Amino acid sequence: MIFQENATLQEKLAILSDAAKYDVACTSSGVQRKGKKGQIGNTEASGICHSFGADGRCISLLKILFTNECIYNCKYCINRCTNDVPRATFTPEEVCTLTMEFYRRNYIEGLFLSSGIVGSPDYTMELICKTLQDLRRIHRFNGYIHCKTIPGASPELVEEAGWYADRMSINLELPTEQGLQALAPNKSRKSILTPMRQIQNGVAQSRELLGMKGGNQSAYWYTQKRVGRALPGSQLRSAGDKLLSGEISQIAAHTQSDTNISYPEKSTIYQPASSAMTELTYGKQRDISRGFVPSGQSTQMIIGATGESDYEIMAVTEALYQKFDLKRVFFSAFINVNQDATLPALDGQPPLRREHRLYQADFLLRYYGFRADELLTAQRPFFNTYLDPKCDWALSHLEQFPVEINQADFDTLLRVPGIGTKSAYRIMAARRTGNLDYQALKAIGVVLKRAIYFITCNGRMMYPFLKIDEDYITRNLLENDRDVMKGFGEKVTYKQLTLFDDFGMAK
C-alpha cells in the first residue's frame, strides 16, 4: 500500500472522491425536512445535487470514502488490501469541514459517505458515527446524509449511525452466496443481512412510535398493496428458492423472524424507551426529531462479475424488496479494474446496456405490479437487450392485446408499453369526462410510437395496417435503433423483412 501520511486535505479529497466513484447512488434524498433556525442545510425537494459521469450514471455530491484503506481482499475492488494504490484516511473533523464548506458554497445539498475497512469493522463504524454525530450536533447540519453500513459492525454502532443518517445502505455486493465466497472471501451473507434486518426492524418501530419520521415505506410496498397482494411474512417465493439453488433460502434462514438473529448485549449507555421496543434503544442525549433512518435503506449488486443470469438477479431483487422493505436495489455494471485472472474478461465496455435493462425491470417490480417470474423464466433467463423489458413482456403475451383505452382498468393500462404511471392516472381521470382518442393520448403523455401496436381507441387501432404480430411489431420498434445491427453477443430472433410482408398496406 502507498500511504499518504502527510497528505493535505485537498490531496485526500482527490484520492477518496475518486475511490468513491464505484458506489452507486443516483436517487434524490427521499426526505422532506425544512430548514431550522440555528441549523444549516435542509432536505427540501432538491435533495442531493447530482452530477453525471461519462457513462451516464448519476453521481451524488459530496460523495466520498472515509478511507480507502481496507483489510479485505475483494477481488473486484480497486481498494483491496493487495493493491498498490495511494491510500488516505479522513478524520471526522476533516469530513465535517469539507461538507460544511462545500455546502456553504452551494456545491452540494448533502453527503454520501462510504468507507473501506481500517483496523476492524467496529473501529471504522465508530469513526463514521463520530463524523455523523459531529455534523449533526456540533455543526448543526440539517441536510441529507446517506451512510454506508460496514459489514460486521456491532448493532450498537449501526443503530447509532441510524439516528444521524437519513438513509443507510449495505452492499449485497454479489447476487449469490457462491459469488460472494469466490470474489469476496472476507465477507459473508450473514454479516450483510444481519444489519440489513436490524435497520428494517428499527425503521418499522420508529415509524410506529414516531410516525413518518421513522421512515416511509418503499414504492414496492405501496404497489403490492394497490394490486391486493400480501407481502410474504416468513416464506420467500418458491420460484426464487429453486431458481437460486438455495441462495434465497439462505437469506430466509437468516431472516425468517427477529428471533433468528441474535445481537450482542446493549452497551450501558443505551436505555430502552419502552418494553415494546425490541431492536431500537434510545440514548439520554439522542435527538429523535429526524427519526431512525427516515429515508429507508438500499443496497447494491455488481452485475457481470459472476455468472448469475438476469432471472437470478431479479429473483434476489424481488426477495429483498419483499423481505427487507428496501427503498432501492442498485445495479453496478462490473468494471474489471484489477485485471485479476479469476475475474471475467470483458470483450468491450462494461455491461451498461444489461445494467440499464435491469433498472427498467426494477421499476416494473416497484411501480407497475410485475413479478420477477413474469418477466423472465428459467427457460428464458436473460432480458433482450434490444427491447425494454416491458415491450419484451408484451411481445411474449400478445394474447392480452390490444387493450381498449376507454375501458381498461388502471393495472391493465400499466402493462401497455408506452404508458407509465403518470399517463395511466391521467387516462383514468380524463375518462370521467368522455372517451379518449389518439390525439388526447398524445397530449396526456402516452408514448404512441410504442403504444399504438398494443391499444385501441373506441375499438379502432391508430392505423388500419397495424398488425398484432410479434415479428411485425419488433421490426417497427427497432427500425431506428442504430445499435441493433452492431451485435452484442446475442442472437437476433426476429425475422428479416420480406417482399410480401406488407403487401396489403397499399389497399
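None of these values were measured; they are calculated from a predicted model. (Residues numbered from 1 in each chain as written. Predicted model: local features only at pLDDT ≥ 70, side-chain atom pairs only at ≥ 80, totals over all residues. Heavy atoms only, no water.)

**Regarding the overall build of the chain**
We count it as follows: Put simply, DSSP H or I for four residues or longer makes a helix, DSSP E for two residues or longer makes a strand, and each gets a number counted from the N terminus. Exposure is judged per residue with a 1.4 Å probe applied to protein chains only, and the accessible area is read against the type maximum: over 50% gives exposed, under 20% gives buried, and values in between give partly exposed. The contact definition used throughout considers only heavy atoms, calling two residues in contact when any of these lie within 4.5 Å. Reported accessibility uses the Shrake-Rupley method at a 1.4 Å probe radius. Residues are deemed covered only where the shown protein chains occlude them.
Tallying secondary structure elements over the chain gives 18 helices and 14 strands in all. In the chain, which comprises 507 residues, the proportion classed as buried is 54%. Considering only contacts within the chain whose residues lie at least 6 apart along the sequence, 69% involve residues at least 24 apart. Just so you have it, the chain exposes about 23,100 Å², and 51% of that area is on carbon and sulfur atoms.

**Section: the confidence of the model for the chain**
What counts, and what does not: Note on scores: pLDDT gives the predictor's confidence for each residue, bounded by 0 and 100.
Taken over all residues, the pLDDT of the chain has a mean of 81, while the share at 70 or more is 76%. Confidence drops under pLDDT 50 across residues 485-507; counting only partners more than four residues distant or on other chains, this segment forms 24 contacts.

**A word on the sheet that holds strand β8 (residues 167-169)**
Defined as follows: For two strands to be treated as a pair, DSSP must find no fewer than two bridges joining them. Axis definition: a line fit to C-alpha positions, over the contact stretch in the case of helices; interaxial angles, taken between N-to-C directions, run 0 to 180 degrees.
With respect to topology, 6 strands assemble into an open sheet ordered β4-β6-β7-β8-β11-β12, the strand pairing being parallel. The open sheet has two edge strands with one neighbour each: β4 (63-65) and β12 (328-333). Geometrically, the sheet is characterised by an average inter-axis angle of 20 degrees between neighbouring strands, direction not taken into account. Pairing of β4 with strand β6 (residues 110-114), which is carried by 3 bridges, proceeds in the parallel orientation. Within the sheet, the bridge partner assigned to I64 lies in β6 and is L113. Contacts from helix α11 (residues 352-367) reach β11 (297-303) and β12 within the one sheet, and its direction differs from that of β12 by about 170 degrees.

**Considering the side chain of T67**
The criterion, for reference: In protein, a polar contact means a hydrogen-donor-capable atom and an acceptor-capable atom, both N or O and within 3.5 Å, with residues adjacent in sequence counting only if both atoms are side-chain atoms; elsewhere, any N or O pair within 3.5 Å suffices.
Relative to the assigned elements, T67 resides in the loop between β4 and β5 (86-87). Using a relative accessible area of 0% as the deciding quantity, one classes T67 as buried. Engagement of the side chain of T67 in a polar contact is seen with the backbone oxygen of A88, the distance being 3.2 Å. With residues near it in sequence (within four places) discarded, T67 still touches L16, A88, T89, S115, G116 and V118.

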